[in-house]
Amino acid sequence: MSALKWHEGNLTAFDTETTGLDFDNDRFVTASIVHRIPGQRPRTISWLLDPGMDIPAEAAAVHGWTNDRLHARLAGAEAMRITAAGDQPMARDGALFEMAAQCATAMHIETPLVVHNAAFDLSMLEAELVRAGIDPLSSRPSGIRGVVDPLVIEKQYDPYRKQCYKKAPDGTACDQENRVHVCGGCRGGRTKCGGCGSTDRTLTSLCAHYRIVHTGAHDATADALACIRLLGRLAADWPEIARWKLPTLHRYQADWRREQQAGLASFFRKVGKSEEAASVEASQGWPVQTSVAQQLGSAGAA
């Protein structure tokens with residue numbers, strides 16, 4: 001009997017929702033870990049956290065957690081652990097410690113840690129841990145390893161899939177900046193989607209393109225479950241990634257992400273969007289962005 005490929009065994013998925021995108025100033029609102037063990041129902045641990053700041057309306061519109069809803073659910077607690085066994089109020093630092101322990105354990109025992117857009121979620125986790133005085137993942141004995149990011153993989157294997165045709169057949173132009181699309185969006189790439197209409201590579205869009213069941217966009221638990229399902233489809237469509245050892249795939253993703261960001265920055269400079277190019281260059285690094293990794297290094301040396 002042949003050995004299981006890395007994606008056929010146990011998997012751990014991690015997903016978060018936050019107050020925003022700034023690693024220095026924004027905070028976690030929710031986070032979920034999903035353990036996939038073949039032959040068993042997925043085991044889920046979720047945390048709801050008081051960010052200690054108002055949740056901006058823009059963020060609440062994405063994930064649904066308004067200030068009133070959050071405080072009503074927490075009922076005075078700093079955080080809440082939510083499992084099938086029930087809810088457990090806890091300190092916010094305790095919730096951060098637990099989610100870090102879950103991720104670190106997966107890495108230590110070489111269980112793939114599946115994170116869509118890992119450069120955001122893991123960077124935010126590292127920043128949150130340092131603020132709480134908890135050892136970041138990068139400083140632990142196993143370091144950060146064995147991460148699998150469907151976003152990076154899909155972009156590498158189908159880089160030229162057209163997501164926006166710029167103009168509709170009648171000549172009406174799309175407005176990318178305001179997210180107005182009259183082109184119909186994605187009409188299929190190397191994996192034919194039948195015309196999913198997606199205009200980006202968010203988890204929701206990739207699930208639509210690859211026909212993956214996604215029960216609730218921007219719900220951390222639903223996103224983590226969908227991420228596992230999406231990864232299985234990618235491994236089937238691009239079997240090369242399933243044949244590699246997990247450390248090899250991790251190393252390749254870091255290279256791919258660097259090339260992808262460099263290409264995007266180059267494109268923005270070519271079309272005269274220097275601010276967008278600078279923003280992309282500042283977000284280099286995977287699975288933790290370079291700017292955050294450098295801050296962690298400085299904090300450790302202080």
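A brief structural summary. (Residues numbered from 1 in each chain as written. Predicted model: local features only at pLDDT ≥ 70, side-chain atom pairs only at ≥ 80, totals over all residues. Heavy atoms only, no water.)

## Examining the overall build of the protein
Here is step 1: Each helix and strand counted, the protein has 11 helices and seven strands in total.
Here is step 2: Taking 19 Å as the expected radius of gyration for a compact globule of 302 residues, we find that the protein reaches 19 Å, a close match to that expectation.
Here is step 3: For the protein, the spread of C-alpha atoms along the principal axes amounts to about 55 × 55 × 40 Å.
Here is step 4: A total of 302 residues make up the protein; the buried ones form 49% of that total.
Here is step 5: Excluding contacts between residues fewer than 6 apart, the proportion of contacts in the protein whose partners are at least 24 apart in sequence is 60%.
Here is step 6: Here the protein displays about 14900 Å² of accessible surface, and carbon together with sulfur accounts for 51% of that area. (Helix = DSSP H or I, 4+ residues; strand = E, 2+ residues; numbered from the N terminus. Rg over C-alpha atoms; globule rule 2.2 N^0.38 Å. Buried < 20%, exposed > 50% of the residue type's maximum accessible area, 1.4 Å probe, protein only. Contact = heavy atoms within 4.5 Å. Areas by Shrake-Rupley, 256 points an atom, 1.4 Å probe, with all protein chains shown as cover.)

## Re the packing of helix α5 (residues 150–157) against helix α7 (residues 220–237)
Here is step 1: Contact geometry for α5 and α7: axes closest at 10 Å, N-to-C directions at 30°. In terms of axis orientation, α5 runs roughly parallel to α7. Crossing angle aside, the handedness with which α5 passes α7 is left-handed. From α5, P150, I153 and E154 reach across to α7, where they touch C227, L230, L231 and L234.
Here is step 2: Of the residues contributing to the contact of α5 with α7, the split by class is six nonpolar, no polar and one charged. (Axes fitted to C-alpha atoms, helices over the stretch in contact; angles between N-to-C directions. Parallel < 35°, antiparallel > 145°, perpendicular 65-115°, else oblique. Left-handed = near helix turned anticlockwise from the far one by under 90°. Nonpolar A, V, L, I, M, F, W, Y, C, P; charged D, E, K, R; others polar.)

## Side note on the side chain of Q260
Here is step 1: Inspection of the secondary structure assignment puts Q260 in helix α9 (residues 246–270).
Here is step 2: For Q260, a relative accessible area of 12% corresponds to the buried category.
Here is step 3: Residues within four places of Q260 in sequence aside, it is in contact with V152, K155 and Q156.

## Section: the pattern of salt bridges
Here is step 1: Considering all chains together, one arrives at eight salt bridges under this definition.
Here is step 2: Overlapping salt bridges, with partners in common, bring together R92, E128 and R131 in one network. (Salt bridge = Lys/Arg side-chain N within 4 Å of Asp/Glu carboxyl O.)

## A look at the sheet that holds strand β1 (residues 11–18)
Here is step 1: Across the sheet, seven strands lie side by side as β5-β4-β3-β2-β1-β6-β7; this open sheet has mixed pairing. Strands at the two margins of the open sheet, each flanked by one partner only, are β5 (86–90) and β7 (147–148).
Here is step 2: Along the sheet, helix α4 (residues 118–131) contacts β1, β2 (28–36), β6 (113–114) and β7; its crossing angle with β1, the most-contacted strand, is approximately 75°. (Pairing = 2+ DSSP bridges.)

## Section: the nonpolar core
Here is step 1: Formed by 65 residues in total, the largest nonpolar core has its most connected members in F14, W47, M99, L125, L137 and I153.
Here is step 2: Residue contributions to this core peak at nine residues, all from α7.
Here is step 3: Every residue in contact with F14, bar those within four places of it in the chain, is listed here: A31, S32, I33, M99, C103, L113, V114, V115, D121, L122 and L125.
Here is step 4: Core analysis: the next-biggest nonpolar cluster, separate from the first, contains nine residues, A59, W65, L70 and M80 among them. (Core = buried A, V, L, I, M, F, W, Y, C linked by side-chain atoms within 4.5 Å.)

These figures capture arrangement, not role.
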